[in-house]
Amino acid sequence: MSSIFKFNPLTAASYLWKIRKAPVVPIPKTNAYPLFQGKPSFIARWALVILSFDVMYMGNMVYECLEGGQLYHNPFEKVKPKKADESTTETPTKPLWTRMAFAAFHVGIGGFVAAFLISQRASWVRSMTVVRPISTKPGSTKPTRIFIEVAGHPTGYGHSMLIKDCALAPTKMNKDIMMILAGRDGKFAFHPVGSTIGGKQMPATGDIAKVNMLKIWKELGGKIELSAN
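Residues numbered from 1 in each chain as written. Predicted model: local features only at pLDDT ≥ 70, side-chain atom pairs only at ≥ 80, totals over all residues. Heavy atoms only, no water.

Now for the overall build of the chain. Counting its secondary structure elements, the chain contains five helices and 11 strands. Residues counted as buried form 40% of the 229 residues belonging to the chain. Sequence-distant contacts in the chain: of pairs separated by 6 or more residues, those separated by 24 or more amount to 66%. Counting every atom, the chain has about 14,000 Å² of accessible surface; 62% of that belongs to carbon and sulfur. (Helix = DSSP H or I, 4+ residues; strand = E, 2+ residues; numbered from the N terminus. Buried < 20%, exposed > 50% of the residue type's maximum accessible area, 1.4 Å probe, protein only. Contact = heavy atoms within 4.5 Å. Areas by Shrake-Rupley, 256 points an atom, 1.4 Å probe, with all protein chains shown as cover.)

Below you can see the structure in the form of structure tokens.
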């Protein structure tokens, strides 16, 4: 399960804070060039399902803590049926500070996992479209823009950025993953192998997809960084 982050929820949370100001706009259909079309990572595609389990776990554990019963379950404990004449004793309630501490612990764990999952949906690219705006004045040209649609966006919407301000770079974690570095607007990861680049289907193995991506990116005026990020 490839990820642009190692499982570091603090990094994931900081990334979400960084990308919060990047606007999401409709991707134009006129004069648009389909640069990339691919499949996001497994985590990005199934993040909402995993997030629902995370919320259920967090809610259940917080309830268990605040209710005052057992703060954590012992899977090795054997439950023996009580005899009919055996009196039942009520489980003693834990102190309030203990219950609050355990509840805060579970909220923190659940929040970290949620930040990580949402950051994956906000960073894995589904498609990239390059648009060269048509100038209304003779002799003037408008800069080329790239629209990056990630896993968390509705279909047909993406982040609009100037391609000259973005850089294409490899990653340290996986040689088959490339990244778009968009300065203060964050970074976006994608799998070039097995995807569609420039309207052509790329093979699922080898370096042909990466070579084609680098070639087209350079022709469009984008920057290339050779150092892995």
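On to the sheet that holds strand S1 (residues 24-26). An order of S1-S5-S4-S3-S2-S9-S10 is seen for the seven strands of this open sheet, with the pairing classed as antiparallel. Strands with a single pairing partner mark the edges of an open sheet, and in this sheet they are S1 and strand S10 (200-201). For strand S3 (residues 125-131) and strand S4 (residues 145-150), the ladder comprises six bridges, and the chain directions are antiparallel. Bridge pairing in S4 places Val 125 opposite Val 150. Along the sheet face, helix H5 (residues 208-219) touches strand S2 (32-37), S3, S4 and strand S9 (196-197) and points at about 150° away from the line of S2. (Pairing = 2+ DSSP bridges. Axes fitted to C-alpha atoms, helices over the stretch in contact; angles between N-to-C directions.)

This brings us to the nonpolar core. In globular proteins that are soluble, nonpolar side chains generally tend to be buried together. If you look at the biggest cluster of nonpolar residues, it comprises 29 residues, and the most contacted ones within it are Leu 35, Met 128, Ile 146 and Phe 188. Within the residue set of this core, elements represented by two or more residues are helix H1 (9-19), S2, S3, S4, strand S7 (178-181), strand S8 (187-190) and H5. Here this core gets four residues from one element, more than from any other, and that element is H5. Once you skip the residues sitting within four places of it in the chain, Met 128 turns out to touch Tyr 33, Pro 34, Leu 35, Phe 36, Ile 146, Phe 147, Ile 148, Ile 180, Phe 190 and Met 213. Ala 44, Ala 167, Ile 177 and Met 179 belong to the second-largest nonpolar core, a separate cluster that totals nine residues. (Core = buried A, V, L, I, M, F, W, Y, C linked by side-chain atoms within 4.5 Å.)

This part covers the side chain of Ser 160. One can find Ser 160 in strand S5 (residues 157-162). Residue classification places Ser 160 among the buried positions, given a relative accessible area of 17%. Among the polar contacts made by the side chain of Ser 160, one reaches the side chain of Arg 145 at a distance of 2.8 Å. Look past the residues within four positions of Ser 160 in its chain and what remains in contact with it is Pro 23, Val 25, Arg 145, Ile 146 and Phe 147. (Polar contact = N/O pair within 3.5 Å; in protein donor to acceptor, adjacent residues only side chain to side chain.)

Mapped onto the secondary structure, His 191 falls in the loop between S8 and S9. Judged by relative accessible area, which is 19%, His 191 ranks as buried. Through-space distance from the C-alpha of His 191 to that of Ala 209 is 9.2 Å; in sequence the pair is 18 residues apart.

When the UniProt feature table is mapped onto this chain numbering, "transmembrane region" (unreviewed entry) sits at residues 43-63 and 96-118. Between the first and last C-alpha atoms of residues 43-63 the distance is 28 Å; the span itself is 95% helix and 0% strand. (UniProt positions renumbered as here; feature names shortened; annotations may be inferred.)

Once that is clear, we can look at a nonpolar patch on the surface. Residues Phe 42, Trp 46, Val 49, Ile 50, Phe 53 and Met 56 make up a contiguous nonpolar surface patch of about 590 Å² in total accessible area. Considering every element that reaches the nonpolar patch, the biggest residue donor is helix H3 (residues 47-67), with four residues. Note that Phe 42 resides in helix H2 (residues 42-45). The exposure class assigned to Phe 42 is partly exposed, which follows from its relative accessible area of 38%. (Patch = residues over 30% accessible without salt bridge, like charges linked within 9 Å, V, L, I, M, F, W, Y side chains within 5 Å. Salt bridge = Lys/Arg side-chain N within 4 Å of Asp/Glu carboxyl O.)

The subject of this paragraph is unusual backbone geometry. Note on backbone geometry: most residues besides glycine have negative phi, and most peptide bonds are trans. Backbone geometry at Asn 31 places phi at a positive 55°, although glycine is not the residue there. Residue placement: Asn 31 occurs in the loop between S1 and S2.

Take the pattern of salt bridges next. Opposite charge on two side chains permits pairing when their charged atoms draw close. Counted under the stated rule, the structure contains two salt bridges. Glu 149 is the salt-bridge partner of Arg 126, the closest N and O atoms lying 2.4 Å from each other. Linking Arg 126 in strand S3 with Glu 149 in strand S4, this pair joins segments that are 23 residues apart in sequence. Overall, the relative accessible area of 19% leaves Arg 126 in the buried class. Among the residues examined, Glu 149 registers a relative accessible area of 5% and is labelled buried.

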